[in-house]
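Notes for the structure review
These are the residues of each chain, in order.
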Amino acid sequence: MNDSSHHRNSPVPVSYSDADHSVRIESDFLAASDPLPAIEALCIAIAERDPVNNPCGLFCHPLTEAETTLVVGADAMLHQAELAQLVEALYISCNYPLHIRVETRATQPVTPSLAEQVGRYLKPQAEGGYMDDSRPTPSWEWRCDTGETLDSAALETYRAAGGSVTLIRS
């Protein structure tokens, strides 16, 4: 099974991809719920991939130490407050991903609250950030679809917030 939904008949838009070892949450679902149900849906999707060895759905597999990437899709920049809350809640829950990819059409600039969360996410705890000092270097990718008009000013706010910016054409 390459890709599977959390539950086939469930309205929860969270899916796991074996192809790139990622769990994807649609930003519309993120915007419609509090962070805790979103985190629970993410953890369930990860746990379903290996219920015996990773029953809690940890982003860092407890045996293999393989990292699962969190992908926020469906133009997450329309729901930045919720994305910022999710990043903070993942840290508080002590189950946070080493890699985050945010899919966007790059039409909205990064808000100060999301930029603050990106900065904390990318810094080690020794410097006041979220990343455990013993973990590898985290990554944050802004994956910008250039199929529509790209707002260069918005793009600059992504670069200023931190992480890498990847331009793709859909």
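For the structure, check the block above.
Residues numbered from 1 in each chain as written. Predicted model: local features only at pLDDT ≥ 70, side-chain atom pairs only at ≥ 80, totals over all residues. Heavy atoms only, no water.

**Points about the nonpolar core**
Note the following rule: Note on terminology: a nonpolar core comprises buried Ala, Val, Leu, Ile, Met, Phe, Trp, Tyr and Cys residues joined through side-chain atoms within 4.5 Å. Residue burial is assigned from relative accessible area. The probe radius is 1.4 Å, only protein chains are included, and a residue is buried under 20% of its type maximum, exposed over 50%, and partly exposed in between. Counting from the N terminus, the helices are DSSP H or I runs at least four residues long and the strands are E runs at least two residues long. For this analysis, residues touch if any pair of their heavy atoms sits within 4.5 Å.
Ranked by internal contacts, the top residues of the largest apolar core, which has 42 residues, are Val23, Ile25, Leu70, Leu114, Trp140, Trp142 and Tyr158. Among the elements that make up this core, the one with the highest residue count is helix H2 (residues 35-49) (seven residues). Excluding its chain neighbours within four sequence positions, the residues that come into contact with tyrosine 158 are Met77, Thr104, Ala106, Thr107, Gln108, Pro109, Val110, Trp142, Cys144 and Val165.

**Things to note about the layout of surface pockets**
Cut-off, in case you're wondering: Using protein atoms alone on a 1 Å grid, points that fit a 1.4 Å probe yet trap it form a cavity, whereas open point sets bounded by protein on both sides within 12 Å along at least five of seven lines form a pocket; residues with an atom within 4 Å of a point count as lining. Grid points are joined across faces, edges and corners, and a volume is the space filled by probe spheres set on the points. Think of it as three bins: nonpolar holds Ala, Val, Leu, Ile, Met, Phe, Trp, Tyr, Cys and Pro, charged holds Asp, Glu, Lys and Arg, and polar takes everything else, Gly as well.
Roughly 180 Å³ of internal volume is contained in the largest pocket. Surrounding the largest pocket, Leu58, Phe59, Cys60, His61, Pro62, Glu65, Cys94, Asn95, Tyr96, Asp132 and Arg135 form its lining. Counted by class, the lining of the largest pocket contains six nonpolar, two polar and three charged residues.

**Topic: empty space enclosed by the protein**
Following the criterion strictly, the structure yields one cavity of 30 Å³ or more and no others. Taken as a whole, the largest cavity encloses approximately 30 Å³ of empty space. When residues in the lining of the largest cavity are grouped by element, the largest group, three residues, is from helix H3 (residues 80-92). Here the lining of the largest cavity is composed, by residue class, of eight nonpolar, no polar and no charged.

**Some thoughts on H3**
To keep things clear, this is the line we draw: Here the expected length of a helix is defined as 1.5 Å per residue gap, with one fewer gap than residues.
The end-to-end C-alpha distance of H3 is 18 Å, a good match for the 18 Å that 13 residues give at a rise of 1.5 Å each. Every buried residue of H3 is listed here: Gln80, Leu83, Ala84, Leu86, Val87, Ala89 and Leu90. Buried positions along H3 lie against helix H1 (27-32), H2, strand S4 (69-73), strand S5 (99-104), helix H4 (112-122) and strand S6 (139-145). Count one or two residues on from H3 and you reach cysteine 94, which has phi positive near 65°.

**Focus on the pairing of S5**
Inclusion rule: Pairing between two strands is assigned when DSSP locates at least 2 bridges connecting them. With the strands aimed away from the viewer, a crossover counts as right-handed if its path from the first strand over the helix to the second runs clockwise.
Among the six residues in S5, five count as buried, and that is most of the element. With three bridges joining them, S4 and S5 adopt parallel strand pairing. Directly across from valine 72, in S5, lies its bridge partner valine 102. For the crossover that starts at S5, traverses H4 and ends in the parallel S6, the hand is right-handed.

**Some points on the packing of aromatic side chains**
Here is the rule: Aromatic pairs are defined between Phe, Tyr and Trp rings, using the six-membered ring for Trp, whenever the two ring centres lie within 6.5 Å; interplanar angles under 30 degrees are classed as stacked, those over 60 as edge-to-face, and all others as tilted.
Applying the stated rule across the entire model yields five aromatic pairs. On the numbers, 5.7 Å between centres and 55° between planes, the contact of tyrosine 91 with tyrosine 96 is tilted. Note on tyrosine 91: relative accessible area 27%, which makes it partly exposed. Ring geometry for tryptophan 140 and tryptophan 142: centres 5.5 Å apart, planes at 55°, overall tilted. Judged by relative accessible area, which is 1%, tryptophan 140 ranks as buried. Tryptophan 142 sits in the buried class, given a relative accessible area of 0%.

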